[in-house]
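Geometric and topological summary
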Amino acid sequence: MWISRWRPRRGRAVAAAAALASGLAATAVALVIAPGANAATGCQVTYTPNSWPGGFTANIRVSGGDQALNGWTVTWSYAGDQRITNGWNATVSQSGTSVTATNMSYNGNVAANSATEFGVQGTYSSSNPTPTAFAVNGVACNGATPTTAGPVTSAPVTTRGPVTSAPVTTAGPVTSAPVTSAGPVTSAPVTSAPVTTGTPVGCAGASICDGFEGLAAGTPSGAWSIQNPNCSGSGSATIDTTTARSGSKSLKVNGAAGYCNHVFVQSATALTGNTWYARFYVRHTTALPTSHVTFLAMRDTADGNRDLRMGGQNSKLQWNRESDDATLPAQSPAGVAQSVDLPTNTWTCVEFMVSGANGQMQTWVNGSDVPGLREDMVSTQDIDGQWVSSRPSWRPALSNFRIGWESYGEGADTLWYDDVAVGSSRIGC
Ligand code: CA
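Residues numbered from 1 in each chain as written. Predicted model: local features only at pLDDT ≥ 70, side-chain atom pairs only at ≥ 80, totals over all residues. Heavy atoms only, no water.

1. Structural notes on the coordination of the calcium ion
Just so we agree on the cut-off: Only N, O and S atoms count as donors, using a 2.8 Å cut-off from the metal and 3.2 Å for Na, K and Ca, and because water is excluded some sites may appear unfinished. The helix and strand labels rest on DSSP assignments: H or I over at least four residues marks a helix, E over at least two residues marks a strand, and numbering proceeds from the N terminus.
Coordination of the calcium ion by the protein is provided by G211 (O), E213 (OE), S246 (O), S246 (OG), K249 (O), D418 (OD) and D418 (OD), with metal-donor distances spanning 2.2 to 2.9 Å. Within one chain, the residues serving as donors to the calcium ion are arranged as G-x1-E-x32-S-x2-K-x168-D. One end of the pair, G211, is in the loop between strand 12 (208-210) and strand 13 (224-227); the other, K249, is in the loop between strand 14 (236-240) and strand 15 (250-255), with 38 residues separating them in the sequence.

Next comes the structure, spelled out in structure tokens:
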């Protein structure tokens, strides 16, 4: 079901066609003006997979050889039943077995004898052979004869130029990206003594503030109600009296694997305003899986009522925008490395800010800013490149607040939530 949520950007087809035309023209000129020179090195594409049963990621390096690239579209076909579910540092679409990857705004220009990299993530059922035939802007690469569409497994890649030593274009250090709207980040969050009264801290001015002490054990009622957004299965949510961060009660979610086992508990209080700060404590039992999961969702009425979702992927926390499946950070190894995991069997304080005024986001775990979960509407490779480039004018209008569990095939977890608060200013831990 995860795959069906991924939507190819068909609009890229026009750009790809233009890039194809310009790439062919550039190649023709090069052949005319460089007679007698050393043998030209054509485009190079190397595809490095990392596979596991049923899934894979692949890092793809692209170079124009001794020709600079001013915009690139890389195409290849899968011989197996691979289906791409995600990409980073490129806009990737798949039609049948054919895959098209087009540069982002920040990595389209690749100097001669340089390279840039992008990646894909996918699933397969029967086989996952590594593709060997690639084209850049319609020109076959890796020494293939341009008019031949067949595989080029015998082409000696190492003779095609210094691709492996070429610098990879990057967007610079991400840690310097300022977040201008997040308020004074230096203001330390409130660190409270352990709450024993059941009254969460930070509730002054908050529209939602609940330690679940006032709710009867069992099925949530009153201020919270169970939502099964797509179909109802074995997922469940109850007011629990066995584990609490404050007082004696919390919200327990038994989240099962499988699309139909989605379960959320929604606050009866609608979100208003245009800047939202949330703070919640979560304690869970199973480390975040490789697959995409969601444990918090908020409806965005400015985005077709699709959800802005917090969850995990590749074992780290991430944000996901349901409408276009953009992720924060990008699910590249460099992006994932700038997020954090969600510790198990301990209460973790998670805070975030989402601005509908300027589309920026910031996230804190136990009071510390998470660089990979910071989105400042300035496209930064591996962080918010896909998020910003896909929707440069994204301005969320969040209308509800749900916590629970949603997987898209794999990933089960038991979670407790407590001391949940949403307001218009930072609440602190
Ligand atoms: Ca409580």
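2. Quick word on the packing of aromatic side chains
Put simply, the rule is: Ring pairs shown here join Phe, Tyr and Trp side chains whose ring centres sit within 6.5 Å, with only the six-membered ring taken for Trp; geometry is labelled stacked below 30 degrees between planes, edge-to-face above 60, and tilted in between. Exposed residues in this analysis have more than 50% of their type's maximum accessible area, buried residues have under 20%, and partly exposed residues fall in between, with area computed by a 1.4 Å probe over protein chains only. Charges are assigned to positions over rings by a cutoff of 6 Å between ring centre and Lys NZ or Arg CZ, combined with an angular limit of 35 degrees from the ring normal.
Evaluated as defined, the whole model comprises 12 aromatic pairs. With a centroid separation of 6.3 Å and 75° between ring planes, the pair formed by Y47 and Y78 is classed as edge-to-face. You can see Y47 sitting in strand 1 (residues 44-52) and its partner Y78 sitting in the loop between strand 4 (73-77) and strand 5 (83-88), a full 31 residues away along the chain. Each of the two residues, Y47 as well as Y78, counts as buried. Seen from their ring centres, F280 and Y417 are 6.1 Å apart, and the 45° between their planes marks the pair as tilted. Placement of F280 in strand 17 (residues 275-284) and of Y417 in strand 26 (residues 413-423) is noted, with a sequence separation of 137 residues between them. Y417 matches F280 in its accessibility class, with the two residues each being buried. What links up through ring pairs into an aromatic cluster is the set Y47, W72, W76, Y78, F118 and F134. Positioned above the aromatic ring of W394, the side-chain terminus of R321 is 5.3 Å from the ring centre.

3. Points about the nonpolar core
Rules: Residues enter a nonpolar core if they are buried and are Ala, Val, Leu, Ile, Met, Phe, Trp, Tyr or Cys, with the set joined through side-chain atoms within 4.5 Å.
Counting residues in hydrophobic clusters, the biggest one holds 47 residues, and the most contacted among them are F280, F295, W319, F352, F401 and Y417. Judged by nonpolar contacts, the second largest core, of 24 residues, contains Y47, V62, F118 and C141.

4. A word on the pattern of salt bridges
Convention followed: Salt bridge, as used here: a side-chain nitrogen of Lys or Arg that lies within 4 Å of a carboxyl oxygen of Asp or Glu.
Summed over all chains, the structure comprises 10 salt bridges. A salt bridge links R391 to D303; its shortest N-O distance comes to 3.1 Å. You can see R391 sitting in the loop between helix 3 (385-390) and strand 25 (402-407) and its partner D303 sitting in the loop between strand 18 (293-300) and strand 19 (306-313), a full 88 residues away along the chain. You can call R391 partly exposed: its relative accessible area is 25%.

That is the geometry; function is a separate question.
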